[in-house]
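Structural features, examined
So the chains spell out like this:
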Amino acid sequence: MIQVPLNIEQKQILDSVLERELRKKQKRYKRKRLSHFNNQKLKAIFDKYEVEFSPVLYEIPFKCYFSFYLYLILKSQVKFMDWLECPNYYRLAVSQDLNINQLHKETGICRNIIRRSFRELVKLRMVEITEYCKPEHKSCISILVLNDFYIHSFCPELGYVTYSSEIPFNFFNNPKNN
């Protein structure tokens, strides 16, 4: 991949084009029947788990309607490593447990839809299954949630999202604001 340096004008033009494309994709997402804009059940879930998320999530072509919301739920439950010696800005996520039955009871979404959404998030590489950490209960799955602010783009050739950082489970900074 060849990187060409951009001057200020070219960067502004590129940013405006990317912003326009993002607005188009957000508008298309708002027209979906099963979204938090048009469905009261999903709106309740979206409002309950208020979490800051990257607008890049609107660009990812989720096949299951609940994948977007499952990612937001998992992101709201992220646990962090406690660093005693290191500064506060290293907020690395650690493995957490996902219990599909408990999530079904909390949200009222069918377990099969939750499973399908989870498999899609794993396939898109937004969530990793961690085998090195055993879950607390046998009905749980041990997972690691990756930071959506580090998503560079969805690559249709590869079939998953690519990240702009080597450590995508760092949740401290929002590179879009820096």
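Residues numbered from 1 in each chain as written. Predicted model: local features only at pLDDT ≥ 70, side-chain atom pairs only at ≥ 80, totals over all residues. Heavy atoms only, no water.

**Quick look at the overall build of the protein**
Keep this limit in mind: Secondary structure follows DSSP: runs of H or I at least 4 residues long count as helices, runs of E at least 2 residues long count as strands, and numbering of each begins at the N terminus. Categorising residues by exposure relies on relative accessible area from a 1.4 Å probe, with only protein chains included: less than 20% of the type maximum marks a residue as buried, more than 50% marks it as exposed, and the intermediate range marks it as partly exposed. Residue contacts are counted whenever heavy atoms from the two residues lie within 4.5 Å of one another. Accessible areas in this description were obtained via Shrake-Rupley with a 1.4 Å probe; residue shielding takes into account the shown protein chains only.
Counting its secondary structure elements, the protein contains five helices and seven strands. Tracing the protein from N to C terminus, the helices and strands come up as α-α-α-β-β-β-α-α-β-β-β-β. In the protein, which comprises 178 residues, the proportion classed as buried is 36%. Partitioning the contacts of the protein with sequence separation of at least 6, the portion at a separation of at least 24 is 59%. Carbon and sulfur atoms provide 53% of the accessible area of the protein, an area that totals close to 11,800 Å².

**Let's talk about the sheet that holds strand β4 (residues 127–129)**
Basically, it comes down to this: A pair of strands is labelled paired if DSSP reports no fewer than 2 bridges between them. Axes, fitted as lines to C-alpha atoms, cover a helix only where it is in contact. Angles between the N-to-C directions of the axes lie from 0 to 180 degrees.
Pairing is antiparallel in the open sheet, where three strands are placed in the order β3-β5-β4. In this open sheet, the two edge strands, each paired with only one partner strand, are β3 (96–99) and β4. For this sheet, the mean inter-axis angle between neighbouring strands, taken without regard to orientation, is 50°. Judged from the three bridges that link them, β4 and strand β5 (residues 140–145) form a sheet pairing that is antiparallel. Opposite isoleucine 129, over in β5, you have isoleucine 143 as the bridge partner. In this fold helix α3 (residues 67–76) packs onto β3, β4 and β5, with an angle of close to 85° to the strand it touches most, β5. Lying over the sheet, helix α5 (residues 111–123) contacts β3, β4 and β5, oriented at roughly 95° with respect to β4.

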